[in-house]
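Each chain, letter by letter, is given below.
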Amino acid sequence: MSEPRKRIRVRQIAQAKAEGRRITALTSYDCMTARIFDEAGIDLLLVGDSAANVVYGAETTLGVTVDELIPLARAVATAAPHCLVVADLPFGSYEQGPEQALETSIRFMKEAGVQAVKLEGGVRSQAMIRKVVDAGIPVVAHIGFTPQSEHGFGGHVIQGRGAAAKQLMDDALAVQEAGAFAVVLELVPASVAAEVTKSLNIPTIGIGAGVECDGQILVWQDAFGLNSGRLPKFVRKFAELHETLLGAAQDYREAVASGAFPNESESYPDSTPAA
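Right, let's walk through the structure included here. All figures in this text were calculated on a predicted structure; none of them were measured in a lab. (Residues numbered from 1 in each chain as written. Predicted model: local features only at pLDDT ≥ 70, side-chain atom pairs only at ≥ 80, totals over all residues. Heavy atoms only, no water.)

1. A few points about the overall build of the protein
Then, number 1: A tally of helices and strands in the protein yields 11 helices and eight strands.
Then, number 2: Summarising its shape, the C-alpha atoms of the protein cover approximately 75 × 40 × 40 Å along the three principal directions.
Then, number 3: Sequence separation of 24 or more characterises 58% of the internal contacts of the protein that already satisfy a separation of 6 or more.
Then, number 4: Only carbon and sulfur atoms are counted for the fraction: they give 55% of the accessible area of the protein, which is about 14200 Å².
Then, number 5: With 24 positive and 33 negative side-chain charges, the protein shows a separation of 7 Å between the mean positions of the two kinds. (Helix = DSSP H or I, 4+ residues; strand = E, 2+ residues; numbered from the N terminus. Contact = heavy atoms within 4.5 Å. Areas by Shrake-Rupley, 256 points an atom, 1.4 Å probe, with all protein chains shown as cover. Lys, Arg positive; Asp, Glu negative; His and termini not counted. Charge placed at Lys NZ, Arg CZ, Asp CG, Glu CD.)

Next comes the structure, spelled out in structure tokens:
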């Protein structure tokens, strides 16, 4: 008999790079998807501030709050007994400095039950990362294109091209030195991401950063085709759930409208059948 699955811990994610094992990661915002992704053997689930877009319908991630993310993170952490569950620190919840970053991280650990937090920024966030890690809370860093800074970047702009590659490397080394156990690289040229990955001791998790990263993450609604809108170049659709769900909803509407649902077998009789 095979051994029962155990929860993936920070040390397994950190060791994956040395073991040559690719890290699989997806976003999740509810108990149903978390349970499915956990069953599928995904390593890491991120309760991302992308919930602002895919749960709350906002155009950017900037408006989502800690109070809005904590219930989502609690649902994921409760439903996923094997994945490492990470929660994003939303915009405005850590930029004031290390003390604010620690206070927000503690809330996610205590109120949501996640195993780690993620925050954006390289050199500029080094002190915040160090403060949180020193308190015993694992941190995933996020550099390259950081969505919370999209107005500063002027939109979804690829980072690390040309002379900017040095800044990206400086950011990567800064978050590693501060104690992050992994780093997300977003919208980075594949060759630059490969160089950063080779230079770090901690694993890199790519999103639009090429195949040489130590792992990959996608927003699940993009990866599985629930999002029918325009998608970034780096997204591969592994399913077409929008079409499946749309078709099922149309079938349901037609069955109810025609009186075909519920039928006799889906209705209760007025007396208990004889044994």
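2. As for the nonpolar core
Then, number 1: Within the largest apolar cluster, 61 residues are counted, with the highest numbers of intra-cluster contacts made by Leu45, Phe108, Ile129, Val183 and Leu185.
Then, number 2: By residue number, the principal contributor to this core is helix H4 (residues 66–79), which donates eight residues.
Then, number 3: Residues contacting Phe108, with those up to four places away along its chain left out, are Val66, Leu69, Ile70, Ala73, Ala87, Asp88, Leu89, Pro90, Gly113, Val114 and Val117. (Core = buried A, V, L, I, M, F, W, Y, C linked by side-chain atoms within 4.5 Å. Buried < 20%, exposed > 50% of the residue type's maximum accessible area, 1.4 Å probe, protein only.)

3. Re unusual backbone geometry
Then, number 1: Of the consecutive residues Phe261 and Pro262, the connecting peptide bond is found in the cis state with omega at -5 degrees.
Then, number 2: Positive phi outside glycine occurs at Leu187, with the angle close to 50 degrees.
Then, number 3: Inspection of the secondary structure puts Leu187 in the loop between strand S6 (182–186) and helix H9 (190–199).

4. A word on the packing of H4 against helix H5 (residues 98–112)
Then, number 1: Look at H4 against H5: their axes get within 9 Å of each other, and the N-to-C directions meet at 40 degrees. The angle between H4 and H5 places the two elements in the oblique class. Read as a crossing pair, H4 and H5 show a hand that is right-handed. Along the contact surface, H4 presents Val66, Asp67, Leu69, Ile70, Ala73, Arg74 and Ala77, while H5 presents Thr104, Arg107, Phe108, Glu111 and Ala112.
Then, number 2: Classifying every residue of the contact of H4 with H5 by side-chain character gives seven nonpolar, one polar and four charged. (Axes fitted to C-alpha atoms, helices over the stretch in contact; angles between N-to-C directions. Parallel < 35°, antiparallel > 145°, perpendicular 65-115°, else oblique. Left-handed = near helix turned anticlockwise from the far one by under 90°. Nonpolar A, V, L, I, M, F, W, Y, C, P; charged D, E, K, R; others polar.)

5. With respect to the pattern of salt bridges
Then, number 1: Using the criterion set out here, one finds 12 salt bridges in the structure.
Then, number 2: Salt-bridge contacts for Lys237 lead to Glu240; the nearest nitrogen and oxygen are separated by 3.6 Å.
Then, number 3: Overall, Lys237 belongs to the partly exposed group, its relative accessible area being 37%.
Then, number 4: Under the relative-accessibility criterion, Glu240 is labelled partly exposed at 43%. (Salt bridge = Lys/Arg side-chain N within 4 Å of Asp/Glu carboxyl O.)

6. Re the pairing of S6
Then, number 1: The buried fraction of S6 is high, at five of five residues.
Then, number 2: Of the two faces of S6, the one holding Ala182, Val184 and Glu186 and the one holding Val183 and Leu185 are both buried throughout.
Then, number 3: Where strand S5 (residues 139–144) and S6 come together, five bridges link them in parallel fashion. If you follow His142 over to S6, its bridge partner there is Val184.
Then, number 4: Two strands pair when backbone bridges link them, and S6 and strand S7 (residues 204–207) are joined in this way by four bridges, in the parallel orientation. By the bridge assignment, Val184 is partnered in S7 with Ile205.
Then, number 5: A crossover links S6 with its parallel partner S7, the connecting element being H9, and its sense is right-handed. (Pairing = 2+ DSSP bridges. Right-handed = clockwise from strand over helix to strand, strands pointing away.)

7. Side note on the sheet that holds strand S2 (residues 44–47)
Then, number 1: Overall, parallel pairing links the eight strands, which are arranged S1-S2-S3-S4-S5-S6-S7-S8 in a closed barrel. For this sheet the average axis-to-axis angle between neighbouring strands, irrespective of direction, equals 25 degrees.
Then, number 2: Sitting on the sheet, helix H8 (residues 164–178) touches S5 and S6, and the angle it makes with S5 is about 175 degrees.

8. What to know about the layout of surface pockets
Take a probe with the size of a water molecule and roll it over the atoms, and the empty space left behind shows itself.
Then, number 1: Quantified by volume, the largest pocket comes out at close to 1000 Å³.
Then, number 2: The wall of the largest pocket is formed by 37 residues, among which His156, Glu186, Ile207, Pro232 and Phe234 lie closest to the centre.
Then, number 3: Breaking the lining of the largest pocket down by element, the ones donating at least two residues are helix H3 (51–54), strand S4 (116–120), S6 and strand S8 (215–218).
Then, number 4: Looking at side-chain class alone, the lining of the largest pocket contains 17 nonpolar, nine polar and 11 charged residues.
Then, number 5: For the second largest pocket, the calculated volume is near 500 Å³.
Then, number 6: For the second largest pocket, the lining is made up of 20 residues, of which Gln216, Ile217, Leu218, Arg236 and Phe238 are closest to its centre.
Then, number 7: Mapped by element, the contributors of at least two residues to the lining of the second largest pocket are strand S1 (23–27) and S8. (1 Å grid on protein atoms, 1.4 Å probe; cavity = no way out; pocket = protein on both sides within 12 Å on 5 of 7 lines; lining within 4 Å. Points joined across faces, edges and corners; volume = space filled by probe spheres on them.)

9. Section: the packing of aromatic side chains
Then, number 1: Here the structure, examined in full by the defined rule, presents four aromatic pairs.
Then, number 2: Between the aromatic rings of Trp220 and Phe224, the centroid separation amounts to 6.5 Å while the plane-to-plane angle is 40 degrees, which identifies the pairing as tilted.
Then, number 3: Under the relative-accessibility criterion, Trp220 is labelled buried at 10%. (Phe/Tyr/Trp six-rings, centres within 6.5 Å; stacked < 30°, edge-to-face > 60°.)

10. Notes on H9
Then, number 1: Looking only at H9, the buried set comprises Val192, Ala193, Ala194, Val196 and Thr197.
Then, number 2: Structurally, H9 contributes buried residues whose contacts are with helix H1 (10–19), H8, S6 and S7.

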